[in-house]
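Coordinate inspection notes
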Amino acid sequence: TPRPFNQLPGDWRTGWLNLFRFWQEGGLNNVHHIMARKFQQFGPIYREKLGAYESVNIISPQDAATLFQAEGSLPERFSVPPWVAYRDFRNKPYGVLLKTGEAWRSDRLMLNKEVLSPQVVEGFVPLLSQVGEDFIRRAQAQVEKSGREHWTADFTHELFRFALESVCHVLYGERLGLLQDFVDPDAQRFIDAVTLMFHTTSPMLYLPPNLLRHLNTKMWRDHVQAWDAIFSQADKCIQNVYRDLRLQRKSTKEYMGILCNLIMRDKLPLEDIRASVTEMMAGGVDTTSMTLQWAMFELARSPGVQEQLRAEVLAAKREAEGDRVKMLKTIRLLKATIKETLRLHPVAVTLQRYTTQEVILQDYRIPPKVSKATGSLLTLTWLWDLGDMGRAAGGCMPSLHPSKAAWRAQTHRPDPSLQTLVQVGLYAMGRDPEVFPKPEQFRPQRWLAAGPKHFQGLSFGFGPRQCLGRRIAELEMQLFLMQILENFKIETMRAVEIGTKFDLILIPDKPIYLTLRPL
Ligand code: HEM
Ligand code: 2DC
């Protein structure tokens with residue numbers, strides 16, 4: 001018979017003390033390392049409590065399979081408290097990222113049709129290729145300008161602009177022109193705001209939302225400012241498209257963009273479309289750009305793999321006579337390269353689900369509700385409610401707060417402290433020798449070898465709640481790497497070791513210098 005829940009290994013009894021130690025040990029930027037260490041200490045499953053949040057952590061693909069197979073039709077992940085708190089504070093609607101229950105499902109099903117479905121996705125290819133071509137032209141111009149037959153730089157900002165240009169082209173059917181010499185300061189502000197938003201999220205990650213809003217700290221104010229900038233810039237783009245559509249200034253001949261199609265379908269209220277389109281615009285910057293940076297870095301360090309990959313791409317190009325859609329069907333090693341990059345450098349440190357039924361992981365019973373016996377639960381509920389009492393008594397920021405009832409109506413969100421959060425340690429799994437032999441080696445071929453790959457490639461999550469931008473991200477990255485490999489050799493100057501830093505998403509811990517050398 002399976003073992004009971006309260007025998008799970010881990011130091012989960014002292015949530016606030018753990019959080020304090022975590023802060024002290026500089027754990028904020030090291031969540032991924034701390035998790036990997038805990039799996040070494042406790043084995044493939046452990047229970048943990050950080051601040052207000054309790055979780056069960058797993059590392060094996062088999063356990064991930066068990067978890068996702070039990071997730072049901074309305075899966076819920078950990079909803080990042082500062083993100084919820086911001087929308088609550090400004091009375092902004094939630095998009096799919098933060099919606100739950102049926103409200104999430106109906107939005108998500110409509111969005112899937114315009115963002116994920118294979119027929120539509122093929123239409124993104126020319127738009128994304130065009131942005132890639134501009135990047136190549138720009139790189140060639142930079143080579144000219146340098147007078148040294150190569151372009152060496154930290155590509156972070158170039159790739160941010162490339163990524164924003166890409167996602168906006170498919171969302172709005174329009175170009176922003178971010179790969180020109182003059183960059184629209186508003187667009188640059190948007191990019192900086194997304195980075196700041198991620199950066200200010202992690203220190204507030206384990207505090208309950210209602211507490212957060214009443215902490216008038218610089219961190220919270222910066223966070224609010226960042227989201228304000230994100231929403232106002234996205235709103236401008238959305239208004240432009242909306243106006244052009246009304247004035248019939250949009251050509252119906254070419255692909256008009258995701259936003260236009262969603263509006264014309266007329267199945268989702270404009271408010272909901274706006275909320276989710278804003279999330280996609282923000283979600284499309286740091287994710288793909290950082291992954292591309294890692295991919296180029298790994299290819300620069302493995303010239304053999306890079307040559308093999310270039311051979312594949314050039315052969316595919318010859319065979320498909322330059323037709324990108326056709327090419328995409330044959331470049332298996334390139335697809336494997338992206339998987340391999342995300343194995344070593346995932347964007348998300350974990351995947352999470354709240355369980356709604358009992359699951360058995362590593363022979364432990366995981367009940368759908370956390371037992372109320374944990375000592376700090378009282379403290380927690382008290383802190384949680386403090387926010388509301390403060391407001392009822394005419395608290396510090398009265399007019400902007402919607403009532404808790406309104407908030408609850410927007411989405412049914414059961415008190416997360418009463419649910420069991422199970423986390424799949426994606427970063428730890430990617431580097432676990434039990435799952436990936438010689439995990440430190442960058443070897444895209446491992447994804448093409450025979451043998452089961454059951455629940456090993458989880459970088460975009462799984463099931464109906466997986467990444468909404470997955471197809472956009474994959475196509476954007478495949479086309480970019482194709483075009484780079486056709487034109488440049490990727491090199492890296494020094495043998496610097498680059499580590500990983502948790503900044504809500506995982507990013508390089510120091511600048512990566514890369515060299516592009518025309519073939
Ligand atoms: C959710 C990864 C790019 C928009 C997620 C999740 C992961 C993820 C792991 C959670 C999935 C789950 O819980 O099962 C990535 C990676 C990317 C990427 C690795 C690129 C390398 C993008 C892009 C967009 C985007 C380009 C926008 C176009 C979203 C949204 C959600 C999400 C809206 C929430 C979906 C929902 O809750 O229904 N992503 N993402 N992501 N991602 Fe991405
Ligand atoms: C962060 O403990 C660490 O794709 C937490 O494009 C658990 C957690 C929950 C949700 C994850 C988040 C982590 C990392 C960033 C993710 C997010 C879900 C979606 C989001 C993975 C692992 C991301 C980057 C979206 C962001 C869209 C947003 C800018 C509007």
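Scope of this entry: the structure provided in the associated data block.

What counts, and where the lines are drawn
Residues numbered from 1 in each chain as written. Chains lettered and ligands numbered in written order. Predicted model: local features only at pLDDT ≥ 70, side-chain atom pairs only at ≥ 80, totals over all residues. Heavy atoms only, no water. Buried < 20%, exposed > 50% of the residue type's maximum accessible area, 1.4 Å probe, protein only. Helix = DSSP H or I, 4+ residues; strand = E, 2+ residues; numbered from the N terminus. 1 Å grid on protein atoms, 1.4 Å probe; cavity = no way out; pocket = protein on both sides within 12 Å on 5 of 7 lines; lining within 4 Å. Points joined across faces, edges and corners; volume = space filled by probe spheres on them. Nonpolar A, V, L, I, M, F, W, Y, C, P; charged D, E, K, R; others polar. Near = heavy atom within 4 Å. Polar contact = N/O pair within 3.5 Å; in protein donor to acceptor, adjacent residues only side chain to side chain. Phe/Tyr/Trp six-rings, centres within 6.5 Å; stacked < 30°, edge-to-face > 60°.

1. What about the pairing of strand β4 (residues 350-354)?
The side chains of a regular strand alternate, first on one face of the sheet and then on the other. Taking burial as the measure, the five residues of β4 include five buried ones, the bulk of the element. Going residue by residue along β4, you find T350, Q352 and Y354 tucked away on one face and L351 and R353 tucked away on the opposite face as well.

2. A few points about the layout of surface pockets
Taken as a whole, the largest pocket encloses approximately 400 Å³ of empty space. In this structure, the largest pocket is lined by 19 residues; those nearest its centre are I59, A428, R431, D432 and P433. Breaking the lining of the largest pocket down by element, the ones donating at least two residues are α2 (31-42), α3 (61-69) and α20 (426-430). The biggest single contributor to the lining of the largest pocket is α2, with five residues. The residue makeup of the lining of the largest pocket, split by class, is nine nonpolar, six polar and four charged.

3. Here's the deal with the site of ligand 1
By nearness alone, 28 residues border ligand 1, and R77, R108, R353, R465 and C467 come closest of all. W104 is positioned with one of its side-chain polar atoms (N or O) 2.9 Å from an oxygen atom of ligand 1. Within the contact set of ligand 1, an oxygen atom lies 2.7 Å away from a side-chain nitrogen or oxygen of R108. Where the shell around ligand 1 is concerned, the elements lending two or more residues are α5 (101-115), α13 (270-283), α14 (286-301), β4 and α21 (470-487). Counting residues per element, the shell around ligand 1 draws most heavily on α14, at three residues. Looking at the shell around ligand 1 residue by residue, the classes come out as 15 nonpolar, nine polar and four charged.

4. Section: the packing of aromatic side chains
Under the definition given, this model contains 20 aromatic pairs. Measuring from centroid to centroid gives 6.4 Å for F135 and W151, while their planes differ by 40°, and the two rings are tilted. Pair noted here: F135 is in helix α7 (residues 124-146) and W151 is in strand β3 (residues 151-154), with a separation of 16 residues, a long-range link. Judged on exposure class, the residue F135 and its partner W151 are both buried. The interplanar angle of 45° and the centroid separation of 4.9 Å between the aromatic rings of F455 and F462 together place this pair among those described as tilted. Note on F455: relative accessible area 10%, which makes it buried. Pairwise contacts between aromatic rings join W83, Y86, F198, W227 and F231 into one cluster.

These results come straight from atomic positions and should not be treated as a statement about function.
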